[in-house]
Amino acid sequence: MKLKDLPDEELFTRGHTACAGCGAAIAVRNLMKVLGPNTMVVNPACCLLIFGATYPYLAWKVPFHHVAFENTAACATGMSRAMKVLGKDETLIMGIAGDGGTADIGIQALSGAAERNENMLYVMYDNEAYMNTGIQRSGSTPFGAWTTTTPVGKVKAGKSNFKKDMPLIMMAHNVPYVATASVGHIQDFIRKFEKAKSMKGFRYIQVFTPCPTGWRHDTAKTVEIAKLAVDTGMWTLYESENGKVTISKKPKMTPVAEYLKPQGRFRHMSEEDVKSLQDWVMKKWEADEKYAQCRQ
Amino acid sequence: MVSKICTGNYSAAYGSMRSRVRTVAAYPITPQTFIVEHISEFVNNGEMDCEYIEVESEHSAMSACVSASASGVRTFTATSSQGLALMHEILPIASGMRLPVVMAVVNRAIASPINIWVEHNDIMPERDSGWMQVFCDNNQEVLDMVLQAYRIAEDRRVSLPMTVCLDAFILSHTVEPVDLIEQADADRFVPRYKPTGPILDPDDVNAVGVFTPPDYVMECRWQTDKAMRSAVEVIGEVNAAFAKQFGRDHGGLIDPYMVDDADAVLITMGTASSTAHEVVDDMRAEGKKVGLVKLRFWRPYPMTEMRAIAEKVKAVGVFDRAVSFGVGGPSFIEFKSAVFGIDLPVLNFIGGLGGRDVSLADIRYMYDKLLDAAKTGEVRRDVTWVGTRGVSQ
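Residues numbered from 1 in each chain as written. Chains lettered and ligands numbered in written order. Predicted model: local features only at pLDDT ≥ 70, side-chain atom pairs only at ≥ 80, totals over all residues. Heavy atoms only, no water.

### Focus: the domain arrangement of chain B
Residues and elements named next belong to chain B.
Turning to step 1, where the next piece is worked out: For chain B, the assigned domains read domain 1 (2-246) and domain 2 (254-385).
Turning to step 2, where the next piece is worked out: Using only C-alpha atoms to locate each centre, domain 1 and domain 2 end up separated by 28 Å.
Turning to step 3, where the next piece is worked out: In this complex, domain 1 contributes 28 residues to the contact, which on the side of domain 2 involves 22 residues.
Turning to step 4, where the next piece is worked out: Regarding the contact of domain 1 and domain 2, the summed buried area is about 2,200 Å², with carbon and sulfur atoms giving 58% of it.
Turning to step 5, where the next piece is worked out: The largest share of the area that domain 1 buries against domain 2 comes from Met-124, Arg-127 and Asp-137, three residues that together contribute 26% of it.
Turning to step 6, where the next piece is worked out: Linking domain 1 to domain 2 there are five salt bridges.
Turning to step 7, where the next piece is worked out: Arg-127 is the salt-bridge partner of Glu-334, the closest N and O atoms lying 3.8 Å from each other.
Turning to step 8, where the next piece is worked out: Summed over the shared surface of domain 1 and domain 2, the result is 13 residue pairs in polar contact (both at pLDDT 80 or more).
Turning to step 9, where the next piece is worked out: Elements represented by at least two residues in the side of domain 1 that touches domain 2 include exactly strand E6 (132-135), helix H6 (139-153), strand E7 (162-167) and helix H8 (214-246). (Domains from an automatic or database assignment. Contact = heavy atoms within 4.5 Å. Buried area = accessible area lost by both parts, 1.4 Å probe. Salt bridge = Lys/Arg side-chain N within 4 Å of Asp/Glu carboxyl O. Polar contact = N/O pair within 3.5 Å; in protein donor to acceptor, adjacent residues only side chain to side chain. Helix = DSSP H or I, 4+ residues; strand = E, 2+ residues; numbered from the N terminus.)

### Here's the deal with the interface of chain A and chain B
Interfaces are often described in size by the accessible area the parts lose on coming together.
Turning to step 1, where the next piece is worked out: Taken residue by residue, the interface counts 37 residues in chain A and 38 residues in chain B.
Turning to step 2, where the next piece is worked out: Where chain A abuts chain B, roughly 2,900 Å² becomes buried across the two surfaces, and 64% of that area is made up of carbon and sulfur atoms.
Turning to step 3, where the next piece is worked out: A per-residue breakdown of the area chain A buries against chain B is headed by Tyr-55, Arg-81 and Val-85 of chain A, which together make up 20% of the total.
Turning to step 4, where the next piece is worked out: A salt bridge links Lys-88 of chain A to Asp-201 of chain B; its shortest N-O distance comes to 3.0 Å.
Turning to step 5, where the next piece is worked out: Linking chain A with chain B are 16 residue pairs in polar contact (both at pLDDT 80 or more), by the criterion used here.
Turning to step 6, where the next piece is worked out: Going through the elements one at a time, helix H2 (47-52), strand E2 (64-65), helix H3 (72-85) and helix H5 (107-115) of chain A are the ones with two or more residues in the side of chain A that touches chain B.
Turning to step 7, where the next piece is worked out: Per-element accounting of the side of chain A that touches chain B gives the leading share, 10 residues, to H3 of chain A.
Turning to step 8, where the next piece is worked out: Considered class by class, the residues forming the side of chain A that touches chain B number 20 nonpolar, 10 polar and seven charged.
Turning to step 9, where the next piece is worked out: Here E2 of chain A pairs with strand E9 (residues 207-208) of chain B via two bridges, running parallel. Within E9 of chain B, the residue paired with His-65 of chain A across the bridge is Val-208 of chain B. (Nonpolar A, V, L, I, M, F, W, Y, C, P; charged D, E, K, R; others polar. Pairing = 2+ DSSP bridges.)

### Focus on unusual backbone geometry
Turning to step 1, where the next piece is worked out: Each neighbour pair has its own omega, and for Ser-112 of chain B with Pro-113 of chain B the value is 0°, a cis peptide bond.
Turning to step 2, where the next piece is worked out: Turning to its location among the elements, Pro-113 of chain B is positioned in the loop between strand E5 (102-107) and E6.
Turning to step 3, where the next piece is worked out: For the bond from Arg-299 of chain B to Pro-300 of chain B, the omega torsion is -5°, close enough to zero to count as cis.
Turning to step 4, where the next piece is worked out: Along the polypeptide, Pro-300 of chain B turns up in the loop between strand E13 (297-299) and helix H10 (303-312).
Turning to step 5, where the next piece is worked out: A positive phi angle is found at Asn-242 of chain A, which is not glycine, with a value near 45°.
Turning to step 6, where the next piece is worked out: Residue position: Asn-242 of chain A is located in the loop between strand E7 (237-241) and strand E8 (244-249).
Turning to step 7, where the next piece is worked out: Among the residues examined, Asn-242 of chain A registers a relative accessible area of 60% and is labelled exposed.
Turning to step 8, where the next piece is worked out: Despite not being glycine, Met-258 of chain B has its phi angle at roughly 55°, a positive value.
Turning to step 9, where the next piece is worked out: Considering the arrangement of structural elements, one finds Met-258 of chain B in the loop between strand E10 (254-257) and strand E11 (264-268). (Buried < 20%, exposed > 50% of the residue type's maximum accessible area, 1.4 Å probe, protein only.)

### Side note on the nonpolar core
Turning to step 1, where the next piece is worked out: Residues Phe-202 and Tyr-204 of chain A together with Met-62, Val-66, Met-306 and Phe-335 of chain B are the most contacted members of the largest nonpolar core, which totals 85 residues.
Turning to step 2, where the next piece is worked out: Looking at which domains feed residues into this core, each of domain 1 (2-246) and domain 2 (254-385) of chain B gives three or more.
Turning to step 3, where the next piece is worked out: Sequence-distant contacts of Val-66 of chain B, defined by excluding residues within four places in its chain, comprise Val-67 of chain A together with Ile-90, Ile-93, Ala-94, Met-97 and Leu-99 of chain B.
Turning to step 4, where the next piece is worked out: In this structure, Ala-24, Ile-186, Met-199 and Cys-211 of chain A belong to the second largest nonpolar core, which totals 66 residues. (Core = buried A, V, L, I, M, F, W, Y, C linked by side-chain atoms within 4.5 Å.)

### Some words on the environment of Gly-23 of chain A
All names here are of chain A.
Turning to step 1, where the next piece is worked out: By secondary structure assignment, the location of Gly-23 is in helix H1 (residues 23-35).
Turning to step 2, where the next piece is worked out: A relative accessible area of 0% means that Gly-23 is categorised as buried.
Turning to step 3, where the next piece is worked out: Counting along the chain gives 203 residues from Gly-23 to Ala-226, while the straight-line C-alpha distance between them is 8.8 Å.
Turning to step 4, where the next piece is worked out: Ignoring sequence-local partners within four residues, the contact set of Gly-23 consists of Val-183, Thr-209, Pro-210 and Thr-222.

### Considering the sheet that holds strand E6 (residues 202-208) of chain A
Turning to step 1, where the next piece is worked out: Taken in spatial order, the nine strands line up as E8(A)-E7(A)-E5(A)-E6(A)-E4(A)-E3(A)-E1(A)-E2(A)-E9(B) in an open sheet, and their pairing is mixed. The open sheet has two edge strands, E8 of chain A together with E9 of chain B, and neither has a second partner.
Turning to step 2, where the next piece is worked out: Judged from the four bridges that link them, strand E1 (residues 39-42) of chain A and strand E3 (residues 92-98) of chain A form a sheet pairing that is parallel. Note on E3 of chain A: the bridge partner recorded for Val-41 of chain A is Met-94 of chain A.

And the structure:
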């Protein structure tokens, strides 16, 4: 489906209270257009819950469920099995959570559901920190980034560990579909959600969703920054379909400094730290490429 | 009628099958494990038409049950001790969403020290979780209460989750003859599941569990409180209906024995009740006027019933297989609150923790103390640890 062919009907409607330039809101609005009305959503405590489902308002035009924080995949499991019992297996169950709810506190339930190959689509919207609680570092926060728990102090500044490779962890579960997507590459994004929708079993898509509030960038630059992440190799676009891995877009290997420059969260980084991050990017891309070659 | 020798764990599993549970999500933990093993066997043998989800933790077990229940199917799970503690976060979510999830809890000591034997300290932190809780005294009661639990929990006036509690090993692993209710009889008693509130349904868009500002939360809490109060009546009705159909009357919130003319009564929960029952018989034969109150429902708590008993007798003892450190047994604390303003000696006995045996002699010791208090009207020591090294009796 082409971007211009997406239905006009909004299943995640206007009136929600996300910040201007919110990457997660862009992702959810568009993926719902692809997935369509026969979808049920479960979402943990995160920005998306607050800006999309604060009583008595609801931005969702499909059944919406929230239980807790770390159990999105377990709840999606319950919904999915219930639909099987009721003979409504055609309904797509989507668990959608942020990086904290997925890569950190939610990874146990997620791994369990993936291992059991539960029939669901799990979406991680990756804004690289706990944004809802006020920008704390997560396992998915990149090296060097300022957050409120990795503040720029006199002795230490920014996050000292590198980003957790969630897509690789999910591919190691040998599930039918794993993909990375970005709000900066909407056509690739649409294609991947279409593919996920057409499949059965456990599907995982991790979407790169810049957060102007937490990343300290201009609200008009969400898409631009998402594109820069792909161009620099900070975010690799690929997919694994029944174990076959395909790189969706080769990075241009633009210097990582270009990606860091427009974001306040990286402003304090020393030349040495930028070099460390650049080295990490080079190694990561090399590893991603090799992994794709051996998973053919 | 098919009578079979079986364990309490088998009774619980069998009860879930006969209640036509359609989704089970559970995780193994001693001494509950046999429940999930039996259910897996029922499912794999085609005897039980159910989605069995082998989740990776108790937290996920309860989460999956909540979401399956919110999607409109009858659910069941089982756990013990540390597993229940891990589930803790999700329990008030089940009641807050008014979902009639039923869970068997095999009561086991909570760490530390780690121990796998009976104690009620695992469930006490769940007192305020909005779950109804019944304590069983034998394996027949376990099976019967699983069936009753669905009828109580799914009643429109209640619509709350419920635990069926059984003592670790004493019931879970001990065989007793049990009338294994046949499917046709179970079907007559437990109606087909009809969700009582809005559910997640692709054909009827609802939200279940949204972020709720201060303007609305008080009313939600009030409705849950009202539902728990309504449960008192429903429990009585369901017990009566069960007794009528199956000829077994387990009692409602409480099951009193020899209370009417008693000078002193002891309140017990779970299997200590059977032991106390025997002591009452022995002491009555000796002409001592003692009675027993089997406290079946911990929530809803039998406030009115307990006051009526307190008005009738001269001394009450409360036996707790749990402790609220520095205060006394939870059941004792509750009873004192229920009978506030009634002047009578109330003694608390704490014992049987971590699986320590509660013997006939222990119970007789409690009754002797109670008869003494009934005679003098005095409370010499309100909380007594029974059978504990270093504690003078």
